[in-house]
Amino acid sequence: MQIQMVDLKSQYNKIKEEIDTAIQDVIDSSAFINGPKVSEFVDHLSRYLGGINIIPCANGTDAIQIALMALDLKPGDEVILPVHTYVATAEVIALLQLKPVFVDVHPDYFTIDVDLIEEKITSKTKAIVPVHLYGQCADMDEIVRIASKHNLFVIEDTAQAIGAKYTFPDGSKAFAGTIGHFGTTSFFPSKNLGCFGDGGAMFVRDDNMAKKAHMIANHGQRIKYHHDIIGCNSRLDTMQAAILDVKLKYLDEYCESRQKAAIIYDELLKDVSGVKTPCIFSQSTHVYHQYTLTLDKSIDRNELQSFLKDNGIPSMVYYPVPLHWQVGYKSFNKGEVFPVTEKLSKTVLSLPIHTELILEEQEYIVKMIKKFLKK
Ligand SMILES: *Cc1c(COP(=O)(O)O)cnc(C)c1O
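Residues numbered from 1 in each chain as written. Predicted model: local features only at pLDDT ≥ 70, side-chain atom pairs only at ≥ 80, totals over all residues. Heavy atoms only, no water.

What follows deals with the overall build of the protein chain. Counting its secondary structure elements, the protein chain contains 12 helices and 14 strands. Relative to the globule expectation of 21 Å for 375 residues, the C-alpha radius of gyration of the protein chain, 21 Å, shows essentially globular dimensions. Seen along its three principal axes, the alpha-carbon backbone of the protein chain occupies a region of about 70 × 55 × 45 Å. In the protein chain, which comprises 375 residues, the share counted as buried stands at 54%. (Helix = DSSP H or I, 4+ residues; strand = E, 2+ residues; numbered from the N terminus. Rg over C-alpha atoms; globule rule 2.2 N^0.38 Å. Buried < 20%, exposed > 50% of the residue type's maximum accessible area, 1.4 Å probe, protein only.)

Next comes the structure, spelled out in structure tokens:
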């Protein structure tokens, strides 16, 4: 059996006709940049997310960068983020000459540990960028409380959690990415709502902030050839928007199939000792961008991975090197220790999860994990 980490081909085959027609329509119209499909997709995504402003852009990294640029921060201003995340989150902060300030993550939920945020706040702190890692929300109620107390902006990195829902203590609900000043997402092919290339978007509650972000993504211009601020060039192309507009209709279904697969893994793995299955944070749904195990230290992760690989099973480590240990980010490492992240970097293992995964494949994967552990 050869299993795939993400099966984009079978997912495409199920909606091939719709996708092919959408692509052909864009080719026929020749409206490759800023074609009508971009605003149609933007409208539909906005409706899906409860009516928030959507600014499309070229990828999820740009989305975070443009959101930060819209906040008018000054070089040296500090931005708080989890140290256990994809590099993009820290990269754009550093690129804008802001200072990334790392915070460790919660050992069960893998999102920023809210109890450790306030001790990192200084007079230079301007924003918090929580990451809804692996597909579930960070503790947004607490993050919003801390942010308003200290007058900070909140940018939610929602690249892995589009469609996840957060429930506030009063029972009200909101989609991941629609709670802070900005939400950002990526439409990278393997993300939960993925296109056939690069793509991204910002979700913005405030209308003026949305206009500003739109302007920044469009060379700092509101009127063509009149550049009021320094911006960049970051567009979602029409072909990708057309594909996303088709796939958005299936997003709920896609989330459900991932959730079903996760429940099956949970059940199959529940009595396997040394293997901890993902914990669900009570205030959030989990859309399982990743299904990430934590292995006991006694298990040799490398050996398990190569055993699985030899048996046709891919697995991934997100992320093997914490940000404060990355060579390019040395200057932000003040010798601090992040015990949870450091441990996770050595013990996490993500199993294949996607919308087309079937029971037989999951049973086989777990059978092979058990076989390895018995050796
Ligand atoms: C994928 C991802 C990004 C970046 O998205 P791109 O579209 O690849 O630029 C940012 N943050 C997180 C947490 C991601 O998973």
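On domain assignment, one finds that the protein chain holds domain 1 (8-104 + 111-248) and domain 2 (251-373). Between the C-alpha centres of domain 1 and domain 2 the distance comes to 25 Å. With 45 residues of domain 1 in contact, the opposing surface of domain 2 contributes 33 residues. Surface buried jointly by domain 1 and domain 2 totals about 3,300 Å² across both partners, of which 58% is contributed by carbon and sulfur atoms. In this structure, the connection of domain 1 to domain 2 is made through two salt bridges. Of all the secondary-structure elements, those providing two or more residues to the side of domain 1 that touches domain 2 are α1 (8-14), β2 (78-82), α5 (87-95), β3 (99-103), β6 (165-167) and α8 (238-248). Across the side of domain 1 that touches domain 2, the residue classes tally to 25 nonpolar, 11 polar and nine charged. (Domains from an automatic or database assignment. Contact = heavy atoms within 4.5 Å. Buried area = accessible area lost by both parts, 1.4 Å probe. Salt bridge = Lys/Arg side-chain N within 4 Å of Asp/Glu carboxyl O. Nonpolar A, V, L, I, M, F, W, Y, C, P; charged D, E, K, R; others polar.)

Strands in a sheet are paired, the pairing made by backbone hydrogen bonds, and the direction either parallel or antiparallel. Here we have three strands laid out as an open sheet, ordered β12-β13-β14, and antiparallel in their pairing. Every interior strand has two partners, whereas the edge strands, β12 (275-276) and β14 (348-351), have only one. Sheet analysis places β12 next to strand β13 (residues 291-295), joined by two bridges and oriented antiparallel. Of the residues in β13, the one forming a bridge with V275 is L295. Contacts from helix α9 (residues 251-269) reach β12, β13 and β14 within the one sheet, and its direction differs from that of β13 by about 25 degrees. (Pairing = 2+ DSSP bridges. Axes fitted to C-alpha atoms, helices over the stretch in contact; angles between N-to-C directions.)

What follows concerns helix α2 (residues 16-29). For α2, built from 14 residues, the straight-helix expectation of 20 Å at 1.5 Å per residue is met to within 8% by its first-to-last C-alpha distance of 20 Å. Check the buried side of α2 and you find it contacts α1 and α8. The first or second residue beyond α2 is S30, which carries a positive phi of 55 degrees. (Expected span 1.5 Å × (residues − 1).)

So, on to the packing of aromatic side chains. In total, this model carries 15 aromatic pairs according to the counting rule given. On the numbers, 5.6 Å between centres and 75 degrees between planes, the contact of F41 with F187 is edge-to-face. With F41 in helix α3 (residues 36-48) and F187 in the loop between β8 (182-186) and β9 (200-204), the pair connects residues that are 146 residues apart, well separated along the chain. The class for F187 is buried, based on a relative accessible area of 0%. (Phe/Tyr/Trp six-rings, centres within 6.5 Å; stacked < 30°, edge-to-face > 60°.)

Before going further, it helps to spend a moment on unusual backbone geometry. Here the bond from Y318 into Y319 is cis, since omega is 10 degrees, no more than 30 degrees from zero. Considering the arrangement of structural elements, one finds Y319 in the loop between α10 (301-310) and α11 (339-347). Positive phi values are uncommon outside glycine, yet Q97 reaches one of about 65 degrees. Among the secondary structure elements, Q97 is positioned in the loop between α5 and β3. Among the residues examined, Q97 registers a relative accessible area of 56% and is labelled exposed. A positive phi angle, close to 45 degrees, is found at Y288, a residue other than glycine. When you line up the elements, Y288 lands in the loop between β12 and β13. Take Y288: its relative accessible area is 3%, and that puts it in the buried class.

Below, the discussion takes up helix α4 (residues 60-70). Most of α4 is tucked away: nine of the 11 residues are buried. Among all positions in α4, only G60, D62, A63, I64, Q65, I66, A67, L68 and A70 are buried. Two or three places before T61, at the start of α4, stands the capping residue N59, its side-chain oxygen 3.0 Å from that residue's backbone nitrogen. (Polar contact = N/O pair within 3.5 Å; in protein donor to acceptor, adjacent residues only side chain to side chain.)

Looking now at the layout of surface pockets. There is about 520 Å³ of room inside the largest pocket. Secondary structure elements with two or more residues in the lining of the largest pocket: α4 and α5. Top element by residues in the lining of the largest pocket is α4. It accounts for three residues. Taken together, the residues of the lining of the largest pocket sort by class into 12 nonpolar, 11 polar and four charged. Counting contributing residues per domain, the lining of the largest pocket is built from domain 1 (8-104 + 111-248) and domain 2 (251-373), each supplying no fewer than three. Quantified by volume, the second largest pocket comes out at close to 360 Å³. Around the second largest pocket, the lining is made up of 18 residues, and of these N34, I55, P56, H214 and N218 lie nearest the centre. For the lining of the second largest pocket, the secondary-structure elements that each account for two or more residues are α3, β1 (53-57), α7 (207-217) and β10 (221-223). Among the elements that line the lining of the second largest pocket, the one with the most residues is α7, at five residues. Each residue belonging to the lining of the second largest pocket can be placed in one class, and the counts come to eight nonpolar, seven polar and three charged. (1 Å grid on protein atoms, 1.4 Å probe; cavity = no way out; pocket = protein on both sides within 12 Å on 5 of 7 lines; lining within 4 Å. Points joined across faces, edges and corners; volume = space filled by probe spheres on them.)

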